[in-house]
Amino acid sequence: AVAMLTGCAKSDVVDSEINKEGNLIGFSTYKNISRGNPVDDNSEFLTKGNTFGVTAFINTEGVTSPYMGITTEGIEIISDGTKWTYANTSDQAYWPTKDETLDFYAYAPYNHPSITTKTFDKANGLTLEYTVPAEEAKQVDLMYASALEQTKPTDKNSVTMPFKHALTQVHFAIGTSATNLYVDVAANGIQIHNLKNAGTLTTVTGLETDIWTGLTGSATYTVTSEAVNEAGYKVENNAQTFTAIGTANQALMLLPQSLAIVTEADGNNLETGNYLTINCKIYQKLADNTKIYLYGSASEYALVTVGISGEWKKNQKITYNLNIGATAGVLDPIEFETSVETWSPVEGDT
């Protein structure tokens, strides 16, 4: 498997201004644009009903209690489709009036069951404990943001929260290395095995790096996809291309982690490493389009095991291009050795 690691584009999108009147603290947001699910850009983040939670601390010496929200839960901020507002008016907070500054910490989505614990601390920022749901359909684009030493802007009331992606989104594509080699993949036919699925995200005030620690678990995840038929060798613009498994809006949203390849890819010693199982049919086509099956048959798929490795990081969109025929351990290409007949010396007749 060839891993094509591409970081998300870092264009910023800012929503329309809100709450210009009075001293009520309002919110605007932006985030790194991503092609993964469920959030593509800030306009999509602003879809009506989307939420995030936020807590703030006042930078007054000796005051450690939150200025808004509590130490275990942010207040709920909800989108009405065009702007962010307080889900409950009783949670409204106001800008300090004596030159104090505020530190804001936020996470999204609000009150999702996969965020098992939230801790807000004036000295240490935001800590989230998170468990990745077993089903792709229930996985979310976990995001977080901080805005430190904020005062009321002169021309508006809102503080901009720059949301970052906490997870890695993973996609798959497939093709073959030979023009007469083809592969069919069953619906929901790819699984990835032995992944860590729970951990703690810590954001430390004043540090650039936000880190995941305490990763645990050993989970298997299934890629949601329709069946793929006759994926083969394709070249566009002098580069090999691959057929996508699923769509751009279907992605596994998984914990950043280090992957270790299995010691063998033939079904042995699989409990200690990371690997894929691909439910597929692999075949060659003859000149008359007759299919000669190498894995599976006309009526049945077969499981192929492929070891994977690499380093997953936050805010990465990773696509594994599965190149059947070039992937070690899947097919054995026909190779050639030669021998040359020795000349037999013969005396000519005279």
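One can find the structure itself at the top, above this paragraph.
Below or above, wherever it landed, is the structure these notes cover. Since we're looking at a predicted model, the values are computed, not measured.

Section: a nonpolar patch on the surface
Piece 1. On the surface, Leu286, Ile292 and Leu294 cluster together into a nonpolar patch covering about 240 Å² of accessible area.
Piece 2. Along the chain, leucine 294 turns up in strand 23 (residues 291-295).
Piece 3. The class of leucine 294 is partly exposed, set by a relative accessible area of 38%.

A word on the environment of glycine 217
Piece 1. Relative to the helices and strands, glycine 217 resides in the loop between strand 14 (211-216) and strand 15 (219-222).
Piece 2. What glycine 217 contacts, discounting residues up to four positions off in sequence, is Leu195, Lys196 and Asn197.

A closer look at the pattern of salt bridges
Piece 1. In total, this model carries five salt bridges according to the counting rule given.
Piece 2. A salt bridge links lysine 118 to glutamate 73; the shortest N-O distance between them is 3.7 Å. Linking lysine 118 in strand 7 (residues 115-121) with glutamate 73 in the loop between strand 3 (51-58) and strand 4 (75-79), this pair joins segments that are 45 residues apart in sequence.
Piece 3. We classify glutamate 73 as buried; its relative accessible area is 19%.
Piece 4. For the salt bridge of aspartate 80 with lysine 83, the shortest nitrogen-to-oxygen distance reads 2.7 Å.
Piece 5. Here lysine 83 falls in the partly exposed class, since its relative accessible area comes to 32%.
Piece 6. Within this structure, Glu230, Lys285 and Lys291 form a network of salt bridges that share partners.

A look at the environment of threonine 224
Piece 1. The residue threonine 224 is located in the loop between strand 15 and strand 16 (228-231) in this model.
Piece 2. Threonine 224 sits 35 residues away from glycine 189 along the chain, and the two C-alpha atoms are 8.1 Å apart.
Piece 3. Those residues in contact with threonine 224, other than ones at most four positions away along the chain, are Glu136, Asn188, Gly246 and Gln250.

What counts and what doesn't
Residues numbered from 1 in each chain as written. Predicted model: local features only at pLDDT ≥ 70, side-chain atom pairs only at ≥ 80, totals over all residues. Heavy atoms only, no water. Patch = residues over 30% accessible without salt bridge, like charges linked within 9 Å, V, L, I, M, F, W, Y side chains within 5 Å. Areas by Shrake-Rupley, 256 points an atom, 1.4 Å probe, with all protein chains shown as cover. Salt bridge = Lys/Arg side-chain N within 4 Å of Asp/Glu carboxyl O. Helix = DSSP H or I, 4+ residues; strand = E, 2+ residues; numbered from the N terminus. Buried < 20%, exposed > 50% of the residue type's maximum accessible area, 1.4 Å probe, protein only. Contact = heavy atoms within 4.5 Å.

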